[in-house]
Amino acid sequence: MTGNGESPSGRTSSEASFDAASAARLVESAQKTMGQALDVRPAAQYLAWGLAWLIGLGTMWLTVVARDPYVGPAGWTTGFLIVLLVAALAVTSVSTARATEGLGGVNAYRGRVFGAAWGVGFAGLWLGIFAVGMHGAPPLTMGLLTGAGSIGLTGLIYLLGSALWVDKLMTCLGGWLVAVAVGGAFAGPVWLLALGAFAGGGGFIVAAALAWRRRGR
């Protein structure tokens, strides 16, 4: 330090303090931006999907559990499930859009890809299943394709999301849902609905509780 309050580099102590404060603000701003980019509010998404599956698939299961042979769930329950799934998709899209609002570059791209994966994936899945039905697939096959396909696709999208957001909870949930889809396919269409409702929907609700707990820390 020189006699006039300058540091050996020629800057005054006030200038050095100002630079340190500016750097601290810059770091804080960067951390806030990154936190916003990563905050896709998964708890709300998990709860929306959990309730949709628990209520929608559970209702379908109740209409087929006592039927032998399997003829498929009551028609109105399919429409009811679609309404619940569309609502869950809306919650997912809105929360992702809000989390990435105002962001650019890689973070914005991640949000767009994750949001689009839901609509594109499910539209492709359901159109493909509809095409299979047009070619005369029996109710049992249609039930397996619809149930296992929807659960498995959801699991795969969450595995994609876990890679984008580096979220271990999302990784576990995605893997769990894929396992539920495979196990349900082997169990048959009736118990596939039960597994989707209670193991799948219940898994989502547990994940929502864990995500809220993590957010509150």
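Bear in mind the structure is a predicted one, so any value in this text is a computation, not a measurement.

Colleague: Pulling in residues and values, what's your account of the pattern of salt bridges?
Modeller: Counted under the stated rule, the structure contains one salt bridge. Across the salt bridge formed by Asp167 and Arg214, the nearest N and O atoms sit 3.1 Å from each other. Of this pair, Asp167 sits in the loop between helix 5 (139-165) and helix 6 (168-187) while Arg214 sits in helix 7 (residues 189-216), and the two are 47 residues apart along the sequence. On the basis of relative accessible area, Asp167 is assigned to the buried category, the value being 11%. Take Arg214: its relative accessible area is 38%, and that puts it in the partly exposed class.

Colleague: Please set out helix 6 residue by residue, giving values where relevant.
Modeller: For helix 6, which comprises 20 residues, the first-to-last C-alpha distance of 28 Å matches the rise-based estimate of 28 Å (1.5 Å per residue) to within 8%. Among all positions in helix 6, only Leu169, Met170, Leu173, Gly174, Leu177, Val180, Ala181 and Gly184 are buried. Seen from one end, helix 6 has its buried residues packed into an arc of 135°, which puts them on one side. Of the exposed residues in helix 6, the ones pointing more than 90 degrees away from its buried face are Lys168, Cys172 and Phe186. With a side-chain oxygen positioned 2.9 Å from the backbone nitrogen of Leu169, the residue opening helix 6 is Asp167. Taken from the residues just after helix 6, Gly188 is the one with a positive phi, measuring 105°.

Colleague: Please give an account of the nonpolar core that cites residues and values.
Modeller: Counting 43 residues, the largest nonpolar core has Tyr46, Trp49, Trp53, Trp118, Tyr158 and Phe204 as its most contacted members. For this core, the secondary-structure elements that each account for two or more residues are helix 2 (42-64), helix 3 (75-99), helix 4 (105-134), helix 5, helix 6 and helix 7. In this view, Trp53 contacts Gly58, Leu85, Ser150, Ile151, Thr154, Leu177, Gly196, Ala197, Gly200, Gly201 and Phe204; residues no more than four positions away in its chain are not counted.

Colleague: Provide a residue-level description of the packing of aromatic side chains, including the pertinent values.
Modeller: What characterises a pair of aromatic rings is the spacing of the ring centres plus the angle enclosed by the ring planes. Enumeration over the complete set of coordinates arrives at 17 aromatic pairs. Each ring, one from Trp49 and one from Phe122, has its centre 6.0 Å from the other, and the planes form 25°; the classification is stacked. With Trp49 in helix 2 and Phe122 in helix 4, the pair connects residues that are 73 residues apart, well separated along the chain. For Trp49, a relative accessible area of 1% puts it in the buried group. Of the residues examined, Phe122 reaches a relative accessible area of 2% and is grouped as buried.

Colleague: Lay out the UniProt feature "transmembrane region" (unreviewed entry) in the chain in plain terms, naming residues and giving numbers.
Modeller: Within this numbering scheme, the UniProt entry marks residues 46-64, 70-92, 113-134, 140-160, 169-187 and 193-212 as carrying the feature "transmembrane region" (unreviewed entry). Secondary structure across residues 70-92 divides into 78% helix and 0% strand, with the first and last C-alpha atoms of the span separated by 33 Å. In residues 169-187, the share of helix is 100% and the share of strand is 0%. The end C-alpha atoms are 27 Å apart.

Conventions used here
- Residues numbered from 1 in each chain as written.
- Predicted model: local features only at pLDDT ≥ 70, side-chain atom pairs only at ≥ 80, totals over all residues.
- Heavy atoms only, no water.
- Salt bridge = Lys/Arg side-chain N within 4 Å of Asp/Glu carboxyl O.
- Helix = DSSP H or I, 4+ residues; strand = E, 2+ residues; numbered from the N terminus.
- Buried < 20%, exposed > 50% of the residue type's maximum accessible area, 1.4 Å probe, protein only.
- Expected span 1.5 Å × (residues − 1).
- Arc of directions from axis to C-beta.
- Polar contact = N/O pair within 3.5 Å; in protein donor to acceptor, adjacent residues only side chain to side chain.
- Core = buried A, V, L, I, M, F, W, Y, C linked by side-chain atoms within 4.5 Å.
- Contact = heavy atoms within 4.5 Å.
- Phe/Tyr/Trp six-rings, centres within 6.5 Å; stacked < 30°, edge-to-face > 60°.
- UniProt positions renumbered as here; feature names shortened; annotations may be inferred.

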